[in-house]
Amino acid sequence: MSQELDFLIARAKSACEKAYAPYSKFPVGCALVSASGQVYTGCNVENISFGLTICAERAAVFAGVLAEGSEFKIKKVVIYTPTEVPITPCGACRQVIHEFGKEVEVVSVCNTGHPNIANLPFLLPDSPAIAL
Ligand code: THU
């Protein structure tokens, strides 16, 4: 694995340690790299209403927008879960990632086995592309 990937996995793991997941007991951490080379992290934050829960991936994307504004573009997303199989982003997160990058590499890492390496065109085929 590359040094960059090792670093991003470490950042996603640290984010995962901050997860607020008392209901599902399913902590998730995310570290993403923007086109400008910055790294933003996020963890899932649950709510007693359940529906107001935010996923780790969207928390990281929103941190990137806050830091970089409308120029924000995503290059790579790394997700960490302390599970036996890697998990890929939910449909809502795939759509939100797509807003800020069409060819994003998505790496899912768990605590055993190999990372799952995918990309957004595979995870979200036929997504709407409107030229603004
Ligand atoms: N979750 C994420 O943070 N990211 C995903 O890609 C899948 C699900 C969170 C939402 C909820 O807090 C918990 O995992 C269980 O679904």
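Throughout what follows, the structure given in this document is the object of discussion. (Residues numbered from 1 in each chain as written. Predicted model: local features only at pLDDT ≥ 70, side-chain atom pairs only at ≥ 80, totals over all residues. Heavy atoms only, no water.)

All right, on to the pattern of salt bridges then. Within this structure, the stated rule accounts for two salt bridges. Taking the shortest distance from any N to any O, the salt bridge between Lys76 and Glu4 comes out at 3.0 Å. Note that Lys76 is positioned in strand S3 (residues 74–80) and Glu4 in helix H1 (residues 3–17), a separation of 72 residues in sequence. Look at Lys76 and you get buried, because its relative accessible area is 14%. (Salt bridge = Lys/Arg side-chain N within 4 Å of Asp/Glu carboxyl O. Helix = DSSP H or I, 4+ residues; strand = E, 2+ residues; numbered from the N terminus. Buried < 20%, exposed > 50% of the residue type's maximum accessible area, 1.4 Å probe, protein only.)

Before going further, it helps to examine the pairing of strand S5 (residues 116–119). Pairing geometry for strand S4 (residues 105–109) and S5, over four bridges, is antiparallel. By the bridge assignment for S5, Glu105 is matched with Asn119. Hairpin remark: S4 followed by S5, antiparallel, with six residues in the connecting loop; positive phi at Gly113, about 75 degrees. (Pairing = 2+ DSSP bridges.)

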